[in-house]
Amino acid sequence: MTRAVLVATAALCVAGCAVPPDRLPTLPDGYAWHAEPSRSLALQFAGQDVWRLHFGTDRTKPCFHPLALPGGPALTVDAPADHRWHHGLWFSWKYLDGVNHWEHAAGSRQPAGQTTTQLDRLTLHGDGSAEVALQLATGQAGQPPTLREQRHLRVLAPAADGSYAIDWQSTFTATTACTLDRTPLPHEPGGKAFGGYAGLSLRLRQLEARDALTTAGAVAWNDADRFRGDADAFEYRGALAGQDVAIAILAHPQNLRSPSPWYAIRSAAMTFVTPAVLCHGKLELAAGATFTLRYRIVVHPGRWSPDQLAAAHAAYVLANP
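Owing to the predicted nature of the structure, the values given are computational and were not obtained by experimental measurement.

## Brief notes about the overall build of the protein
Tallying secondary structure elements over the protein gives 1 helix and 24 strands in all. In terms of C-alpha radius of gyration, the protein reaches 19 Å, essentially the compact-globule figure of 20 Å for 321 residues. Expressed as lengths along the three principal axes of its C-alpha atoms, the size of the protein is roughly 60 × 50 × 40 Å. Restricting to contacts in the protein with at least 6 residues of sequence separation, those with at least 24 account for 60%. Here the protein has roughly 13,600 Å² of accessible surface; of this, 52% comes from carbon and sulfur atoms. Each charge class in the protein can be summarised by its mean position, and for the 27 positive and 27 negative side chains these summaries are 5 Å apart.

Structure (C-alpha cells):
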C-alpha cells in the first residue's frame, strides 16, 4: 500500500485510513474538506467541489478536476468522449524515447507508456489552503522507470471573490539517457496541424464568448483554430452560467525555454491550452540530468487585461524567486 502522511491540525494519518471529520481543520463558513482515502482530496463549498485533486491508482495520471469557483459549475472537463486521456488540469509528456505517454494505446484505456504515482504528504490548513507532495515514475511497463518526478503542489486559500491559485512545481530526473519529444510542428518533416503539445495541460468546458490573451496581448488564432506563441503567461476565459470566468497559467522565468512556448486550441469541440516546453523541439537528457518546471494556475472571476495578467505574473515570481 502506498504510504503517505496526512497532516491536519496536529493529527497524523497513514493514507488508506479514514480521517475523522473532527480531526480536520475548521474552515471558513461554507467550506469543508472532503477526502476519499488513497484516491482524492477536495475543498468544497456548500457541498460542491471547488477543486479536487485525484492521485489514486484508479487514474493513469494525477489531475485536478473539477476546478470551479465557489458555488459555480466546473470550468474543466474530465475524460471527454473526443479525448479520453484529457483530465481537467494534468501533466503528461507525449513521447519518451519514442513511446507514447499521452494518448491511450489502441484497444486500451491507458497509454503505452506508464506513470506510477506515490502520495508522500498532504498538509491541510484552516484557511482552506493545502500542500501535496507526490513522487512519480515514468517509463515502460515491466521496466525500470526512465524519468522520475518530485511534484509539489500548493493550493492557496480562496480569496474573498472566490479566486484561488495552485502553485505547481515538478522536478524531473533522468535515470538513464533519454529523449522527450512531441508531434512535429506543421512546417517540420511529418508535421501536423496539431503538433507541439506536451507538459502541463488544461482542458476547459466550451465557455460562451471564449477568448484568450497572453502577456503580449490578445491571442490570434490561425486557420486551424490553433495558437502557438511565446509569453510569460496565458489566460483562457469566457462566460459560464451568466458569469465571466477565467483560468490563467503563469510560467516561471527559470523554466526551460523561457518565456514559455504555448499551444492552444479554440475549436467547435475543444478549449485547450498547454505551456508546451517541447513545442519548438525535443529535449535530450543525459543520465542523472535534472530540471524543474514551475507554474501558478489562477482560477478567478472576470477577465483580466494584459496589464493585470502581467501584474499577476510579476507577483508570482516575486513570491517564488
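## Describing the pairing of strand S11 (residues 130–140)
Pairing of strand S10 (residues 113–124) with S11, which is carried by 11 bridges, proceeds in the antiparallel orientation. When the bridges of S11 are listed, Arg121 appears paired with Ala133. Taking the residues that link successive antiparallel strands as the turn, the S10-S11 hairpin has 5 residues, and the phi of Gly128 there is positive, at about 95°. By the bridge criterion, 9 bridges tie S11 to strand S12 (residues 147–155) in an arrangement that is antiparallel. Pairing of Ala133 across the sheet is with His152, part of S12. Connecting the antiparallel pair S11 and S12 is a turn made up of 6 residues, with Gly142 showing a positive phi of about 80°.

## Focus on the pairing of strand S20 (residues 243–251)
With 7 of its 9 residues buried, S20 lies for the most part within the structure. Between strand S19 (residues 233–240) and S20, which pair antiparallel and follow one another directly, the connecting turn spans 2 residues, one of which, Ala241, has a positive phi of 55°. Relative to strand S24 (residues 290–301), S20 is paired through 7 bridges, and the arrangement is antiparallel. The residue of S24 that forms the bridge with Ile249 is Ile297.

## Concerning the pattern of salt bridges
Within this structure, the stated rule accounts for 15 salt bridges. Between Arg237 and Asp211 there is a salt bridge; the shortest N-O distance is 2.7 Å. Taken as a pair, Arg237 in strand S19 and Asp211 in strand S16 (residues 208–214) lie far apart in primary sequence, 26 residues in all. Judged by its relative accessible area of 27%, Asp211 falls in the partly exposed class. Here the salt bridges share partners, and the residues they tie into one network are Asp211, Glu235, Arg237, Asp244 and Arg303.

## A look at empty space enclosed by the protein
This structure, assessed with the given rule, holds 4 cavities of 30 Å³ or more. The calculated volume of the second largest cavity comes to roughly 100 Å³. Every residue along the wall of the second largest cavity is listed here: Lys61, Pro62, Phe91, Ser92, Trp93, His101, Thr115, Leu136, Thr138, Glu149, Arg151 and Phe172. For the lining of the second largest cavity, the elements supplying multiple residues, two or more each, are strand S7 (89–92), S11 and S12.

## Overview of the sheet that holds strand S15 (residues 199–204)
The 9 strands lie next to each other as S3-S4-S5-S6-S7-S15-S22-S21-S18, forming an open sheet whose pairing is antiparallel. Each edge of the open sheet carries a strand with a single partner, namely strand S3 (31–36) and strand S18 (226–230). Each adjacent strand pair in this sheet contributes to an overall mean axis angle of 20°, direction not counted. Judged from the 4 bridges that link them, strand S21 (residues 261–266) and strand S22 (residues 271–274) form a sheet pairing that is antiparallel. Following the sheet pairing, Ala264 is matched in S22 by Val273.

Calculation notes
Residues numbered from 1 in each chain as written. Predicted model: local features only at pLDDT ≥ 70, side-chain atom pairs only at ≥ 80, totals over all residues. Heavy atoms only, no water. Helix = DSSP H or I, 4+ residues; strand = E, 2+ residues; numbered from the N terminus. Rg over C-alpha atoms; globule rule 2.2 N^0.38 Å. Contact = heavy atoms within 4.5 Å. Areas by Shrake-Rupley, 256 points an atom, 1.4 Å probe, with all protein chains shown as cover. Lys, Arg positive; Asp, Glu negative; His and termini not counted. Charge placed at Lys NZ, Arg CZ, Asp CG, Glu CD. Pairing = 2+ DSSP bridges. Buried < 20%, exposed > 50% of the residue type's maximum accessible area, 1.4 Å probe, protein only. Salt bridge = Lys/Arg side-chain N within 4 Å of Asp/Glu carboxyl O. 1 Å grid on protein atoms, 1.4 Å probe; cavity = no way out; pocket = protein on both sides within 12 Å on 5 of 7 lines; lining within 4 Å. Points joined across faces, edges and corners; volume = space filled by probe spheres on them. Axes fitted to C-alpha atoms, helices over the stretch in contact; angles between N-to-C directions.

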